[in-house]
Structures are given as C-alpha cells and as structure tokens.
Amino acid sequence: MQTYPLYLNGQFVPSEPAWNVTNPADGEVFARISTVNRARVAQAIADAHAAFAGWRQLTAKARGEFLRRIASELENRREEVARLISRENGKPLAQSLAEVAISVDHLTWFAEEGRRAYGRIIPPQAEGKRNLVLKTPIGVVGAISPWNFPLMLSVRKVAPALAAGCPVVLKPARQAPLSCIAFAECAHAAGLPKGVLQVVCGPSGEIGEEFLGNPLCRKVTFTGSTEVGRILIRQAADTIKPLSLELGGNAPLLVFDDADLDLAVEGAMLAKMRNTGQSCIAANRLFVHRPVYDRFLAAFVARVKALKVGEYSEPGVEIGPLIDRAALDHALALAQDAVQRGARLLCGGHRVERKGFFFEPTVLADVPADALCRRGEIFAPMAPVVTFDTEAEAVQMANDTVHGLSAYAFTRDIGRMFRLGENLEAGMIGLNDGLPTTSNAPFGGVKQSGWGRELASEGLDAFLETKHLSVRC
C-alpha cells in the first residue's frame, strides 16, 4: 500500500503519522497520506512567504507560462489522475475525466486572465495631482478544499492565486487528498519555483487555526459547509483576515408549464444527479408547475430508475457511492423522515445491497415543507419534488432558505427569465441550463452560501489588493 508524501518547499516529503484513504466503492483502505503538525504548517507558510518576493516580481505573462505548463502536465496524465479521483471519491470515471478537463481549463484561463489585472488612471479633481489605482498580490494564501470535487475545487483556488502573484499552501480534504498530490507533481514537473505551491494534510482544526492566526498568511479561501464557514469567520476576527467562502447550498429547480419538458428532465438529471448528488450546486428541491407535474414526474422517475449504479470501473456507471458511511446513513435518514411526514416514495430510498456506501437514486413526491430534505443540503442522489400554482408561489418557496448559492429554472418565457433572474436569491442561476459553471463566469453565492466569488475576473481580484496612488506633479 502506497503512502503518499506531502509537497513542501519544492520537495516531496513523507511523514508520520499517515492517514488511511478509503475507496468508498468497497469501504477498503487503498492508500495512505502523510500528515504534518501545526508547527510544520507554520514552516510551510514561512517558506511560501520567502517565495513571495520572487514570484510576485515575475511578469503576469511569465506566471501564466507556468500555469500553462502545469495544465499540460495534468492533461498528459488525465487518465491516471481521473482514476485516482474515482478511487478516493467514488465518482464514475467519465465524471472524473470531466473534472480533470475542467481543471485544465481553469489553469489555462487564469494563465491569460492574470495578464488583465488592470488598474486605472482617474481624472484628477485637484490641480497638480494625478490619481492612479494599482492591483498588487495580497500575499501568501491558505487554501482549504473539499472532497466532492477534490482536484477541480483545489485548482479553482490555486490557479487564480498563482496568476495574481500569490504563493499557496493548499490543504485538501482528508477523504480525498491524493489527486492534489498528483497536481503538485504536475506543478513540480512544470518547474514551479519552490515554496510557490505546497500541499499539507493534518488535523483540520490545527491547520485552519494556523492559516487564520499566522500573520504571514494574508488570505484564506475555503470551500465547505456553512457550519465550518461560521467557525472560520469567528477565528478570522482577531486578525481581520480576508476570507473567500464558498459554502453550502439548497438550490431550487423550477419547472414551468411552458418549459420544454424533455430539456427540463435532462437538466434536472444533470443538476441533481451529477457527482452522485454530492455537489454544493446540486438541485436540492424541485418545484414543478401543477399543469405539468404528473408528466414531469413520470419522465423524471423513468430516467432516475434507468441510472446505472456501480463502481467507477464498471462500464456505463452514472451513479457511484456516497463518500462514507456517515453520508449513507444521512441519506437513509432523510428519505425515512420525508416518508414519515407524508411524502410519496416513487423510487429508491434504500441502500444498495453491495459492498461500499451505495444509495439508490431516489425520487420523493409531494414532500412537505417541514421535511429535513427540504430544509438543508442532501448531498445524495435524492430529489424531493413539490408542485406549485403561480410564479410568485414558486419564487417564495425557492427563496425560503438561508442559502443562496445556485438556482435553476426551465421556461420558454423570456420575460419570466428576467423576473426570475432578478427575484431568485442565488448567486448563480441556470435558465434552461443544468450546469451553469464555466471558467470565465463568477461562481459564488448570497446569504449564508458564502462571501466573494471564484472564477472569472472576480476570482482573480479575490487575490489582489487595490491601492490608490495620489501623485502631486
């Protein structure tokens, strides 16, 4: 069994204790990952700070060349890295290959966007003065990424930070750290200067506290639960540490009676079932206009029943296991709670009888508002479906959540599209689109779904300071 090293100041360093990494498809340990203590994380931050002076002095074009070389290395290893993602995360291989492809796209996009960290010259208001605005890198970044898209959501933080001129100390999730080590290998092979990217694993609390308390770490970026986000906000208060937070979601998906139902069903399948439902932008609550409710349900249930469940290596698999036993138990409890409160179970709702943490793709109809699966993130292939009568009612139910990461709506009415865009309380809205994510558009939420944006020009700006120069001349 291989024990993977960490990537520290330009070297791959094995260390103990090492933690087990489990394949959720069979519940078996297949690898181990080295860990470090808080003191070693502090050293990594110090090494990153030492690298900052040289990295920030490179031109944006030169930094972009490094990102392109990393992207090329990753592309050359796409099959290997995708299989590693599938083993540690459980997702079907086709989806892991797509994750590698999106990660490559993030890298190549920010390789160019780094050259557009524009300042500006402001027309003066006082005679004899000139006012300029500069954008400069914020400094060392502590990045904390989750397990559900272990490579892509790490690259989404690392690529813009490096493009902006900031070194990164990356902490991947305990459940799925290995693809981040493969990413570090790509960075190393690309000749990235030592200290510019480092990967640490260890106790989350200790590493988070070091990121937030260490004055050399100037920014923390985190993707994960709203609960952990609240903890980071409290800890950041002492040092006024800037945070980028991409937190939980409870996305509504609205289907109106004028929608293309075939498109709506396929969009709902993508928005709900991608990555086995383990996505922060997954459609969590499906609201369907009463005139098409039965037709939509029949078509949607037929598609869900046809999904093939299995291990990533099995041909044609569309649904993999949940990440661990706790996630499986949570999904089972949500299904049971909904049925007890009066929902109709149309398919699924049970554990798949095989090794690993497999849960049947599930559709629940007429789910009451107090059911737990309507109140918080599901993170499983489970779709609660509810009917509505008016657009206003649909919007009210959609917005009835503390979260506001993403939302989806299917309609042919262009006026309604604009009204929904204005009235739905979400940072990203897919209109007739079940996957509204792209490198060149901002990603992030409102309300308790986070602070700031990733991707696009906003994603680069998250790692830049804005400076005003007032020059008397």
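Our subject is the structure that appears above.
Nothing here was measured: the structure is a model prediction, and the numbers come from that model.

J.: Just to check I follow, could you spell out a nonpolar patch on the surface for this structure?
T.: On the surface, Leu-134, Leu-469 and Val-471 cluster together to form a nonpolar patch covering roughly 190 Å² of accessible area. In this fold, Leu-134 is placed in strand 7 (residues 129-137). Classification of Leu-134 as partly exposed rests on a relative accessible area of 35%.

J.: Looking at this structure, I do not really get helix 6 (residues 178-189). What am I missing?
T.: Along an α-helix, a turn takes 3.6 residues, which lines up residues three or four apart on a common side. For helix 6, spanning 12 residues, the distance from its first C-alpha to its last is 17 Å, which sits close to the expected 16 Å at 1.5 Å a residue. The buried count for helix 6 comes to nine of 12 residues, which makes it a mostly enclosed element. Where helix 6 is concerned, the buried positions are Leu-178, Ser-179, Cys-180, Ile-181, Ala-182, Phe-183, Ala-184, Cys-186 and Ala-187.

J.: Help me understand the packing of helix 2 (residues 60-76) against helix 6, please; the structure alone is not making it clear to me.
T.: In a packed pair of helices, the relevant descriptors are the angle between the two axes and the axis-to-axis distance. The N-to-C vectors of helix 2 and helix 6 enclose an angle of 125°; their axes lie 8 Å apart at closest approach. Relative to helix 6, helix 2 is oriented oblique. Where helix 2 crosses over helix 6, the two elements pack in a sense that is right-handed. When helix 2 is examined against helix 6, the residues Ile-70, Glu-73 and Leu-74 are found in contact with a partner set consisting of Phe-183, Cys-186, Ala-187 and Ala-189. A per-class count over the contact of helix 2 with helix 6 returns six nonpolar, no polar and one charged.

J.: Before we go on, may I ask you to explain the nonpolar core in this structure?
T.: A general feature of soluble globular proteins is that nonpolar side chains tend to end up buried together. Phe-296 and Phe-300 are the most contacted members of the largest nonpolar core, which totals 115 residues. The leading source of residues in this core is helix 6, at eight residues. Beyond its immediate chain neighbours, meaning those up to four positions away, Phe-296 contacts Val-255, Leu-261, Ala-264, Val-265, Ala-268, Leu-286 and Val-288. The next biggest cluster of nonpolar side chains, apart from the first, holds 35 residues, and it includes Leu-254, Ala-331, Cys-373 and Met-382.

J.: Even after reading the chapter, I still don't get the sheet that holds strand 21 (residues 464-472), so can you show me in this structure?
T.: Hydrogen bonds along the backbone pair up the strands of a sheet, which may run parallel or antiparallel. Taking strand neighbours across the sheet as the criterion, the three strands line up as 6-7-21 in an open arrangement whose pairing is antiparallel. Either end of the sheet is taken by a strand with one partner, and the two such strands are strand 6 (120-122) and strand 21. Neighbour to neighbour, the strand axes of the sheet diverge by 25° on average, direction disregarded. Where strand 7 lies against strand 21, nine bridges are found, and the strand directions are antiparallel. Of the residues in strand 21, the one forming a bridge with Leu-134 is Lys-467.

J.: Where do I start with the environment of Val-41 in this structure?
T.: The topology assignment puts Val-41 in helix 1 (residues 38-57). You can call Val-41 buried: its relative accessible area is 0%.

J.: Would you explain the environment of Leu-286 in this entry?
T.: Looking at the element boundaries, Leu-286 is found in strand 14 (residues 283-289). Remark: the alpha-carbon pair of Leu-286 and Leu-178, spanning 108 residues in sequence, is separated by 35 Å.

J.: Help me out: how do you make sense of the pairing of strand 17 (residues 382-388) in this one?
T.: A regular strand places its side chains on the two faces of the sheet in alternate fashion. Of all seven residues that make up strand 17, seven are buried, and the element is covered over most of its length. By the bridge criterion, four bridges tie strand 14 to strand 17 in an arrangement that is parallel. Pairing of Leu-286 across the sheet is with Val-385, part of strand 17. Where strand 16 (residues 362-365) lies against strand 17, four bridges are found, and the strand directions are parallel. Bridge pairing links Ala-365 to Val-385 in strand 17.

J.: I'm lost on the pattern of salt bridges in this one. Help?
T.: Oppositely charged side chains can pair when the atoms bearing their charge come close. Using the criterion set out here, one finds 25 salt bridges in the structure. Where Glu-112 meets Arg-115, a salt bridge forms, and the shortest distance between an N and an O atom there is 3.5 Å. Glu-112 sits in the partly exposed class, given a relative accessible area of 27%. Accessibility expressed as a relative area gives 39% for Arg-115, which makes it partly exposed.

Reading the values: rules and limits
Residues numbered from 1 in each chain as written. Predicted model: local features only at pLDDT ≥ 70, side-chain atom pairs only at ≥ 80, totals over all residues. Heavy atoms only, no water. Patch = residues over 30% accessible without salt bridge, like charges linked within 9 Å, V, L, I, M, F, W, Y side chains within 5 Å. Areas by Shrake-Rupley, 256 points an atom, 1.4 Å probe, with all protein chains shown as cover. Salt bridge = Lys/Arg side-chain N within 4 Å of Asp/Glu carboxyl O. Helix = DSSP H or I, 4+ residues; strand = E, 2+ residues; numbered from the N terminus. Buried < 20%, exposed > 50% of the residue type's maximum accessible area, 1.4 Å probe, protein only. Expected span 1.5 Å × (residues − 1). Axes fitted to C-alpha atoms, helices over the stretch in contact; angles between N-to-C directions. Parallel < 35°, antiparallel > 145°, perpendicular 65-115°, else oblique. Left-handed = near helix turned anticlockwise from the far one by under 90°. Contact = heavy atoms within 4.5 Å. Nonpolar A, V, L, I, M, F, W, Y, C, P; charged D, E, K, R; others polar. Core = buried A, V, L, I, M, F, W, Y, C linked by side-chain atoms within 4.5 Å. Pairing = 2+ DSSP bridges.

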